[in-house]
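Analysis of the macromolecular model
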Amino acid sequence: MGVTLWPSARRRRLHHAIFLAIFALLLLYLSTRSLREWPLPSSGQGGPFPRPSGPMSRPPILTAPPRLSPGALSGCGAGAQSCKPEGPLPFQVRQESGPLEDPEREEPPCLGPQGTLGRMMRPFRASLNPEGDVELSQYLAGWRELVRFLTPLGSIFAFATSEAFTKVTALETRVRGLDAAHYTSLAAMTAWERQTGLLERPGTAPQDSAGSSGSRTLLLLHRALRWSHLCLQRVATGTLEGPDAGVQCSDAYGTALAPHHPWVIRQAARLAFLAFPGRDRLLELACPGTRETEARAALVRAASTLEDVYNRTQSLLAERKLLHLA
């Protein structure tokens, strides 16, 4: 009586399926647990990033949290040789911010100098210089505060922001390195890297992400900024009768990042969105101690700032034909 052995290819597929099932269950468990145990962020000195003492203080060295997978935030999956989207990228984000603000009402503390959203909005606004360029040091300072805000929101944001730590740190190394004079702004950086042959060819990916050009690294952060903007803006303007926050941010993920992710990452993200915090939790983290209408208006203003930075960056990258660099 003979024994039939499965072909090696079928055995490998079975092993992969078992691994993915275990991974999915573990991710869902950790997502649910994190929502119960994660404390509210303080407006003081605590958090993933110490706040700089002044405008000229050097940004702290970032220590990355555990990463779900390489390239998760930026859209470059493990082993991927090309990160071209399946369809054409929109040139700019349509202005979606709703009329939730009351100009005569006193500004809530979360938008002030020590507020969660205020700390994020100031450097991002400062990155938009009058010449129409993007100042890299301020852009990266804004990203550090954005990561600080998003990290406590649950595993799906940890999944996204883990890659941001790596990208921000890599770009900061260039901004403060030997060639810092060429990394003051987006326009200066792209011109220098094109002139010196540092830009990658479209459709190719470096074997080591640490060897990526600054322009490619910024493009990956740029795509993630769009997701952050869309997610926060939809949470702020969503109605009680409409989709919940998880559905809205999942849709934002599908628009901004999913086209650049491999199948495994897309499935992991869909599972993580099942444990996404509710709208009330997000508003409380964004603007603690305020009424819902005030928190929504503050989040709209923060999302509008991210939208302005995204649109400026999108225009500059499009003019230089760098939107398909990664």
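Now for a look at the structure at hand. Predicted model only: the values in this text are computed from it and were never measured. (Residues numbered from 1 in each chain as written. Predicted model: local features only at pLDDT ≥ 70, side-chain atom pairs only at ≥ 80, totals over all residues. Heavy atoms only, no water.)

1. Digging into the overall build of the chain
Regarding its fold elements, the chain presents ten helices and zero strands. Put simply, the chain runs from its N terminus to its C terminus through helices and strands in the order α-α-α-α-α-α-α-α-α-α. Within the span of the chain, comprising 326 residues, buried residues form 47% of the whole. Of the accessible surface of the chain, which amounts to about 16200 Å², a share of 58% is contributed by carbon and sulfur atoms. (Helix = DSSP H or I, 4+ residues; strand = E, 2+ residues; numbered from the N terminus. Buried < 20%, exposed > 50% of the residue type's maximum accessible area, 1.4 Å probe, protein only. Areas by Shrake-Rupley, 256 points an atom, 1.4 Å probe, with all protein chains shown as cover.)

2. Some remarks on unusual backbone geometry
Although it is not a glycine, Lys321 sits at a positive phi angle of roughly 55 degrees. By the element assignment, Lys321 lies in the segment after α10 (292–319).

3. What about the state of the cysteines?
Tallying each qualifying case throughout the model produces two disulfides. The disulfide partner of Cys110 is Cys287, and the gap between their sulfur atoms is 1.9 Å. Across the S-S bond of Cys110 and Cys287 the torsion is about -70 degrees, and the bridge reads as left-handed. A residue pair is termed long-range when its members are at least 10 positions apart, and Cys110 in the loop between α1 (8–37) and α2 (116–126) and Cys287 in the loop between α9 (279–286) and α10 qualify at 177 residues. Exposure class is identical for Cys110 and Cys287. Each is buried. Residue Cys231 pairs covalently with Cys249 via a disulfide, S to S 1.9 Å. In this structure, the disulfide formed by Cys231 and Cys249 twists by about 75 degrees around the S-S bond and is classed as right-handed. Taken together, the positions of Cys231 in helix α6 (residues 214–237) and Cys249 in helix α7 (residues 245–256) put the pair 18 residues apart, joining distant regions of the chain. Just as Cys231 is buried, Cys249 falls in that class too. (Disulfide = S-S within 2.5 Å.)

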